[in-house]
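Read off the chains here:
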Amino acid sequence: MTSAHILPKGCSIFARRQDENDFPYEVDILHHKLNWDIALLHIKGVHDSCYGRLARDRSLNVAQMLLYIHPYSFVGSFLVGKVAFQCVDDVVLPTGTQTCQTYLSTALQSIPRYRIIGDVWNSHVFENFETNVKWTFEKSLHPLVPLIQIYGFVFGESSSGGPVFNTEGEIMGMLSMGSGGFDIAIHVSLLRQVMREKEEHLNIETLERKDTRIPGNKEGRVNRLKEHSTKPRGDSESYSF
């Protein structure tokens, strides 16, 4: 999983291990949600990736410590940051086609339960910087994407897409961008949802392939797909980085 905005359009993607010089592994994009800035990847030929557990308790308190694996030469080291704004556990997943380009932020009118992308990027910001073309990606984001506002990290380039951990080693979010001296991470609830959507899609495809092998089973196939799509599912737990 990584940030969607760092993936080049129409280009082939290759990956490597940290101790390799070449990029021998071809990468497929399995699921791409640009307005959430999340992409789910499949690295071909790699079967021993490191995995992290997505946090079950997704609430965050002000000044709570968060960790990020150092992206450069200090292998095994962590950068330490702290939460700048509270975040509740029951965030609302964004729906619809709303974008930051036309969003009117209400963050200054009342204290929100958690930060959203629209607090960072909104119509007021873009109106003051109309000629700044580098913000094309930010304009297309969904303004209601829940985020974690962090201070204290010192990142360089190529940090987007990395996991942010709590002190128990659980993943709380994924780094996306920086703004106003803060680092911004996409909340873990969205990471979990993207994995769940892809898992459900793969399972439905499997059911379709199995049922089409049985002649005259169209009605049974439809009923099974409906039953599968409405069946409660457990939480996805793994995140590879």
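Residues numbered from 1 in each chain as written. Predicted model: local features only at pLDDT ≥ 70, side-chain atom pairs only at ≥ 80, totals over all residues. Heavy atoms only, no water.

An unreviewed UniProt entry lists the chain under the name Serine protease, with Manihot esculenta as the source organism.

Undergrad: Could you clarify how one ought to interpret the pairing of strand β3 (residues 38-43) in this entry?
TA: Strand residues, when the strand is regular, have side chains that alternate between the two faces of the sheet. Here strand β2 (residues 25-33) runs beside β3; their pairing, made up of 6 bridges, is antiparallel. Its bridge partner lying in β3, Val 27 is registered against Ile 43. The hairpin formed by β2 and β3 contains 4 residues between the paired strands, and Asp 37 there has a positive phi angle of roughly 60 degrees. (Pairing = 2+ DSSP bridges. Helix = DSSP H or I, 4+ residues; strand = E, 2+ residues; numbered from the N terminus.)

Undergrad: It is not clear to me how the nonpolar core should be interpreted in this structure. Could you clarify?
TA: Nonpolar side chains in soluble globular proteins generally cluster together in the buried interior. Residues Met 1, Ile 38, Ile 117, Trp 121, Leu 141 and Met 177 are the most contacted members of the largest nonpolar core, which totals 28 residues. Those elements that place two or more of their residues in this core are β3, α1 (117-120), α2 (123-128), β9 (170-179), β10 (182-187) and α4 (188-211). At 5 residues, the largest contribution of residues to this core is made by α4. Residues Ile 148, Val 164, Leu 175 and Ala 185 belong to the second largest nonpolar core, which totals 19 residues. (Core = buried A, V, L, I, M, F, W, Y, C linked by side-chain atoms within 4.5 Å. Buried < 20%, exposed > 50% of the residue type's maximum accessible area, 1.4 Å probe, protein only.)

Undergrad: Hey, could you run me through the pattern of salt bridges in this one?
TA: Pairing is possible between side chains of opposite charge, provided their charged atoms come close. Summed over all chains, the structure comprises 7 salt bridges. Residue Glu 197 is joined to Lys 33 by a salt bridge in which the shortest nitrogen-to-oxygen separation is 3.5 Å. Remark: Lys 33 occurs in strand β2 and Glu 197 occurs in helix α4; sequence separation between them is 164 residues. Overall, the relative accessible area of 23% leaves Glu 197 in the partly exposed class. Here Arg 113 and Asp 90 are joined by a salt bridge, their closest N and O atoms 2.9 Å apart. With a gap of 23 residues between them, Arg 113 in the loop between β6 (78-83) and α1 and Asp 90 in the loop between β6 and α1 connect regions that are remote in the sequence. (Salt bridge = Lys/Arg side-chain N within 4 Å of Asp/Glu carboxyl O.)

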